[in-house]
Amino acid sequence: MKKLLTTTFLFLIICTYSQESVFYLKSPLENRETSKFSLEVYNLNFIKNNEYFNFIADGYTLLGSHIYPQIQYNNSENTRFRAGVFIQKNFGETKVEHVIPTFSFQYIKGNHEFTIGNFFAGNNHGVIEPILASEKILRNDVVETGLQYKYKSSKFSLDTWLNWENYIRPNDDFKEVFTLGLSSNIFATKNLTFPIQFITRHKGGQINKKVRDELDIIDIYDIHNLSVGLEYKFILNPENQLITSYHFLLHTTNAPLTEHPFSNGNANYFKLRYIHKSFNFMLSYFKSNKFVTALGNDMFNSYSRKVNNNYWNGELDNRYVDLQEPIRELIFTKAFYEKSLAKNIRIGVQLEGFYQLNESIETLVTQESKKNNFDYSYGVYVRFNDLFKL
């Protein structure tokens, strides 16, 4: 029992470090009791509105509801099976957007945890926003498929996973897609941590259809993102903490220029975070040089990811085609607050702001500049998560 409490305490410490969005689930429910069967029910109702008017990322609104019931069978003290169904419904639509059946086997012993099948990335694996966008939590891909191994101790934590995103059959017209990820923390002291994060996204396949000509000779390619950092935690008093951190980011890819215009690049990411009880405030500075993110927030990319499907005076608006900002410089702020409404029911609100420092001019139509542009987003959620013995 003492060992279990110690492990749980360490896990909560790890989650505290990684809690950088109000939508994140701090810690999953665990059932290590003698009960053979249990039912876990997860429900998230959310709104997130992105008011973006820059040249890099589109503005849009995410709003909807997730419900995720799972039956859990504890075959032994260390093994468990889960089967469930993840359902996503978007507000404003009559149809159900996604219905995903899930199955998994999990083995837990000591500091080790291994899962094969589906797993729930409720805290985004603790990965920083520039290389894994927090909005993943609000989409159906919060449920991942593949393999996951986790380790946690007083000196080191590790979350490594393979998420198979796109399955192919012979003669399919599209590529297989999967992501390999690693998120680790080295706890040098109780206040000093060295986070290391790595993501590889692969697109390819051997049995799908391929098109090779002079302009497109790469059928298999990858994009890699690496972040190496340090984080120091000042405990001001039991209710107040100040956390400073720095991350150096790299990317490299062999993708064609039509997919990613820069083969390699880097970025510097500084963060100052203040925590008071259930209130969090984060102030960040980001500066990149031809940095491309595989799965991160589009705001941190060095080229435009905007959807070019609008029209200007009857002509297709192509102002953002090939638009690049090799040197991208942002001040990024985030504030969020959470409150318990009842047992296992929480509500949270979040505000985000992006202030652009670099020059950014589109020259095709208005020659408008986005230097000193301010973009923002706001969100709210209500979440229920509980475990019932059967």
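Residues numbered from 1 in each chain as written. Predicted model: local features only at pLDDT ≥ 70, side-chain atom pairs only at ≥ 80, totals over all residues. Heavy atoms only, no water.

### Some remarks on the overall build of the protein
Counting its regular elements, the protein contains one helix and 18 strands. Within the protein, counting contacts between residues at least 6 apart in sequence, those at least 24 apart form 60% of the total. (Helix = DSSP H or I, 4+ residues; strand = E, 2+ residues; numbered from the N terminus. Contact = heavy atoms within 4.5 Å.)

### Some remarks on the pattern of salt bridges
Opposite charge on two side chains lets them pair, provided their charged atoms get close. As enumerated under the stated definition, the model contains 14 salt bridges in all. A salt bridge links Lys48 to Glu135; the shortest N-O distance between them is 2.9 Å. Here Lys48, found in strand β1 (residues 37-51), pairs with Glu135, found in the loop between β5 (112-120) and β6 (143-152); they are 87 residues apart in sequence, far enough to count as distant. Residue Lys48 shares its accessibility class with Glu135, and that shared class is buried. Residue Arg201 pairs with Glu165 through a salt bridge whose shortest N-O separation is 2.7 Å. (Salt bridge = Lys/Arg side-chain N within 4 Å of Asp/Glu carboxyl O. Buried < 20%, exposed > 50% of the residue type's maximum accessible area, 1.4 Å probe, protein only.)

### Comments concerning the nonpolar core
Counting residues in each nonpolar core, the largest one holds 20 residues, and the members touching the most others are Leu249, Tyr269, Phe286, Phe300 and Phe354. The set of elements that each furnish at least two residues to this core consists of β12 (264-276), β13 (279-289) and β16 (327-342). Setting aside residues no more than four positions away along its own chain, Phe286 makes contact with Pro130, Ala267, Asn268, Tyr269, Phe291, Phe300, Arg328, Glu329 and Leu330. Core analysis: the next-biggest nonpolar cluster, separate from the first, contains 16 residues, Tyr24, Leu138, Val143 and Tyr381 among them. (Core = buried A, V, L, I, M, F, W, Y, C linked by side-chain atoms within 4.5 Å.)

### What to know about the packing of aromatic side chains
Under the defined criterion, the tally for this structure stands at 23 aromatic pairs. Relative to Phe105, the ring of Phe81 has its centre 5.1 Å away and its plane inclined at 50 degrees; by these criteria the two rings are tilted. You can see Phe81 sitting in strand β3 (residues 79-90) and its partner Phe105 sitting in strand β4 (residues 98-109), a full 24 residues away along the chain. Accessibility expressed as a relative area gives 38% for Phe81, which makes it partly exposed. Look at Phe105 and you get partly exposed, because its relative accessible area is 26%. Their ring planes at 20 degrees and their centres at 6.2 Å tell us that Phe374 and Tyr376 sit as a pair that is stacked. Among the aromatic residues, those joined into a ring-pair cluster are Tyr52, Tyr269, Phe286, Phe291, Phe300, Phe332 and Phe354. (Phe/Tyr/Trp six-rings, centres within 6.5 Å; stacked < 30°, edge-to-face > 60°.)

### Details of the pairing of strand β17 (residues 345-356)
Pairing between β16 and β17: 12 bridges, direction antiparallel. Bridging from a neighbouring strand, Lys334 pairs with Glu352 of β17. What sits between β16 and β17 in their antiparallel hairpin is a turn of two residues, with Asn344 showing a positive phi close to 65 degrees. Here β17 pairs with strand β18 (residues 374-389) via 11 bridges, running antiparallel. Bridging across to β18, Ile345 finds its partner in Phe384. (Pairing = 2+ DSSP bridges.)

### Observations concerning the pairing of β5
Across six bridges, the pairing between β4 and β5 is antiparallel. When the bridges of β5 are listed, Lys109 appears paired with His112. Hairpin remark: β4 followed by β5, antiparallel, with two residues in the connecting loop; positive phi at Gly110, about 60 degrees.

### A short note on the side chain of His202
Of note, His202 is situated in strand β9 (residues 192-204). Judged by relative accessible area, which is 11%, His202 ranks as buried. Here the side chain of His202 touches Asp222 through a polar contact of 2.7 Å, side chain to side chain. Apart from the residues lying within four places of it in its own chain, the contact partners of His202 are Glu176, Val177, Phe178, Ile220, Tyr221 and Asp222. (Polar contact = N/O pair within 3.5 Å; in protein donor to acceptor, adjacent residues only side chain to side chain.)

### Notes on unusual backbone geometry
At His125, a position not held by glycine, the phi torsion is positive, near 60 degrees. If you trace the backbone, His125 turns up in the loop between β5 and β6. With a phi angle near 65 degrees, Asn344 is a residue other than glycine that sits in the positive phi range. By the element assignment, Asn344 lies in the loop between β16 and β17. You can call Asn344 partly exposed: its relative accessible area is 29%.

### Describing the environment of Trp164
Checked against the element boundaries, Trp164 lands in strand β7 (residues 156-166). Given the relative accessible area of 35%, Trp164 is considered partly exposed. In this structure, the C-alpha to C-alpha distance between Trp164 and Leu147, residues 17 residues apart in sequence, is 8.8 Å. Residues in contact with Trp164, not counting those within four places in the same chain, are Thr145, Glu176, Val177 and Phe178. Engagement of the side chain of Trp164 in a polar contact is seen with the backbone oxygen of Asn166, the distance being 3.2 Å.

### Description of the confidence of the model for the protein
For the protein, the mean per-residue pLDDT works out to 88, and 89% of the residues sit at or above 70. Across the protein, the element-wise mean pLDDT spans from 40 in helix α1 (residues 2-18) up to 97 in β6. Across residues 1-18 the pLDDT falls below 50, and counting only partners more than four positions away or on other chains, this stretch makes 28 contacts in the model. (pLDDT = per-residue confidence, 0-100.)

### Some thoughts on a nonpolar patch on the surface
Together, Ile47, Phe91, Leu272, Phe279, Phe281, Leu283, Tyr337, Val349 and Val380 make up an exposed nonpolar region whose accessible area comes to about 690 Å². With three residues, β13 is the single largest residue contributor to the nonpolar patch. As for its position among the elements, Tyr337 is in strand β16. (Patch = residues over 30% accessible without salt bridge, like charges linked within 9 Å, V, L, I, M, F, W, Y side chains within 5 Å. Areas by Shrake-Rupley, 256 points an atom, 1.4 Å probe, with all protein chains shown as cover.)

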